[in-house]
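One-letter residues, chain by chain:
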Amino acid sequence: MLNIITPMVGEDLYETSSDNSFPKILNDIQGKTILEYSQQYLKTISDSYRNIYILPAATNNLYSIDNIIRRIVGDQAVIVGVERSTAGALCTSLLAAENWDDEDELIITSADQLIDIDCNKILSCFRAANVDVGLISFSSIHPKWSFIKRDDNYKIIEVVEKKAVSNEALAGFTYFRRASLFFELAKLAIMKSRSINNVFYISACVNEAILKGVVISAIKIETNQYYNFYDFNAVSRFNQ
């Protein structure tokens, strides 16, 4: 089974503006919420899969986000409520552990991005190459992203957060061939305190995977195939 985890505990997802009293992910752009845009590319997957969303309980109760999710992806969506904030997407994603089996595939994705791809083709490429950890990258040097660092043989040797060590930035998409591998890598990252400013990013798992020597690959897409609604200015620019 393929499990798609969307961690949604981060406070930035629920920011409001003077022009909009609703959370950022519910901002309406051309008849669609940002949350809908973020889920769009997943609908190209032909395999059966399970959607798992991890939400702050208080915000969910206020805006009934679980009902909105079910209107987007169907009643089979799994909703995990969290009573307090977590130490980042890595920790949040671990809260979905009771919903997967060790041999399941995982995708961990973001709720405030638009990726214009055929996800089925991406998965097929990763599976055909027996990739253990799969990434999607695009060209950028803006320090708001995480970046892939490669050696002279084009091998991935590190993922660096918020520092442009290359011009190959990462989209909010990480594939794990086995859920048990993600769980192992996440535990290692936490035990080694691989946080940045007390935040555990998914990139910490990727770096542990590099140390472990498993197969890691990144598929590069065109820059115009990726858009992140990281703040209300980005929302406004997309809406123009």
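A. Representation of the overall build of the protein chain in the model. Across its full length, the protein chain carries eight helices and 13 strands. Over its C-alpha trace the protein chain gives a radius of gyration of 17 Å, about what one expects of a compact globule, namely 18 Å for 240 residues. Looking at the protein chain residue by residue over its 240 residues, the buried ones come to 50%. Considering only intrachain contacts with a sequence separation of at least 6, the fraction spanning at least 24 residues in the protein chain is 72%. For the protein chain, the accessible area works out to roughly 11500 Å², and carbon and sulfur atoms hold 46% of it.

B. The side chain of Lys-24, seen in detail. For Lys-24, the position within the fold is in the loop between strand S1 (2-7) and strand S2 (28-29). We classify Lys-24 as buried; its relative accessible area is 0%.

C. Summary view of the nonpolar core. Core analysis: the largest hydrophobic core is formed by 36 residues, its most contacted members being Ile-5, Leu-90, Val-133, Leu-135, Phe-176 and Phe-182. A total of six residues in this core trace back to one element, the largest contributor, which is helix H6 (residues 179-191). Sequence-distant contacts of Phe-182, defined by excluding residues within four places in its chain, comprise Leu-90, Ser-93, Leu-94, Trp-100, Leu-106, Ile-108, Phe-176, Ile-202 and Cys-205. Counting 23 residues, the second largest nonpolar core, distinct from the first, contains Ile-107, Ile-136, Ala-169 and Ala-171.

D. Expanded view of the environment of Lys-212. Positionally, Lys-212 belongs in helix H7 (residues 203-212). Overall, the relative accessible area of 42% leaves Lys-212 in the partly exposed class. Measuring from C-alpha to C-alpha, the distance between Lys-212 and Leu-185 comes to 8.8 Å, with 27 residues separating the pair along the chain. Residues contacting Lys-212, with those up to four places away along its chain left out, are Leu-181, Glu-184 and Leu-185. Here the side chain of Lys-212 touches Glu-184 through a polar contact of 2.8 Å, side chain to side chain.

E. Molecular detail of H7. Where H7 is concerned, the buried positions are Ser-203, Ala-204, Cys-205, Val-206, Glu-208 and Ala-209. Tucked into the core, H7 has its buried residues touching helix H4 (89-94), strand S8 (133-139), strand S10 (156-161), strand S11 (168-176), H6 and strand S12 (216-220). Of the residues trailing H7, Gly-213 is marked for its positive phi of about 85°.

F. Seen up close, the environment of Ala-164. For Ala-164, the location among the structural elements is in the loop between S10 and S11. In this structure the C-alpha to C-alpha distance between Ala-164 and Asp-102, which are 62 residues apart in sequence, comes to 34 Å. Those residues in contact with Ala-164 that sit more than four places away from it in its chain are Ile-141 and Phe-147.

G. Geometry of unusual backbone geometry. A positive phi angle is found at Gln-30, which is not glycine, with a value near 55°. Checked against the element boundaries, Gln-30 lands in the loop between S2 and strand S3 (32-33). One non-glycine residue with positive phi stands out, namely Tyr-154, at about 70°. Relative accessible area serves as the criterion here: at 53%, Tyr-154 is assigned to the exposed category.

H. Examining the pattern of salt bridges more closely. Throughout the structure, instances matching the rule amount to 12 salt bridges. Among the ionic pairs, Arg-127 bridges to Glu-105, the shortest N-O distance being 2.8 Å. Taken together, the residues Arg-127 in helix H5 (residues 119-128) and Glu-105 in strand S6 (residues 105-109) connect sequence positions 22 residues apart. Relative accessible area serves as the criterion here: at 15%, Glu-105 is assigned to the buried category. Lys-192 is paired through a salt bridge with Glu-208; the nearest N and O atoms lie 3.0 Å apart.

I. Expanded view of helix H3 (residues 65-73). The complete set of buried residues in H3 reads Ile-65, Asp-66, Ile-69, Ile-72 and Val-73. Viewed along the axis of H3, the buried residues span an arc of 120°, placing them on a single side of the element. For H3, the secondary structure elements touched by its buried residues are helix H1 (34-39), strand S4 (49-56), helix H2 (57-63) and strand S5 (78-82). Immediately beyond the C-terminal end of H3, within one or two residues, lies Gly-74, with a positive phi of roughly 110°.

Rules and cut-offs
- Residues numbered from 1 in each chain as written.
- Predicted model: local features only at pLDDT ≥ 70, side-chain atom pairs only at ≥ 80, totals over all residues.
- Heavy atoms only, no water.
- Helix = DSSP H or I, 4+ residues; strand = E, 2+ residues; numbered from the N terminus.
- Rg over C-alpha atoms; globule rule 2.2 N^0.38 Å.
- Buried < 20%, exposed > 50% of the residue type's maximum accessible area, 1.4 Å probe, protein only.
- Contact = heavy atoms within 4.5 Å.
- Areas by Shrake-Rupley, 256 points an atom, 1.4 Å probe, with all protein chains shown as cover.
- Core = buried A, V, L, I, M, F, W, Y, C linked by side-chain atoms within 4.5 Å.
- Polar contact = N/O pair within 3.5 Å; in protein donor to acceptor, adjacent residues only side chain to side chain.
- Salt bridge = Lys/Arg side-chain N within 4 Å of Asp/Glu carboxyl O.
- Arc of directions from axis to C-beta.

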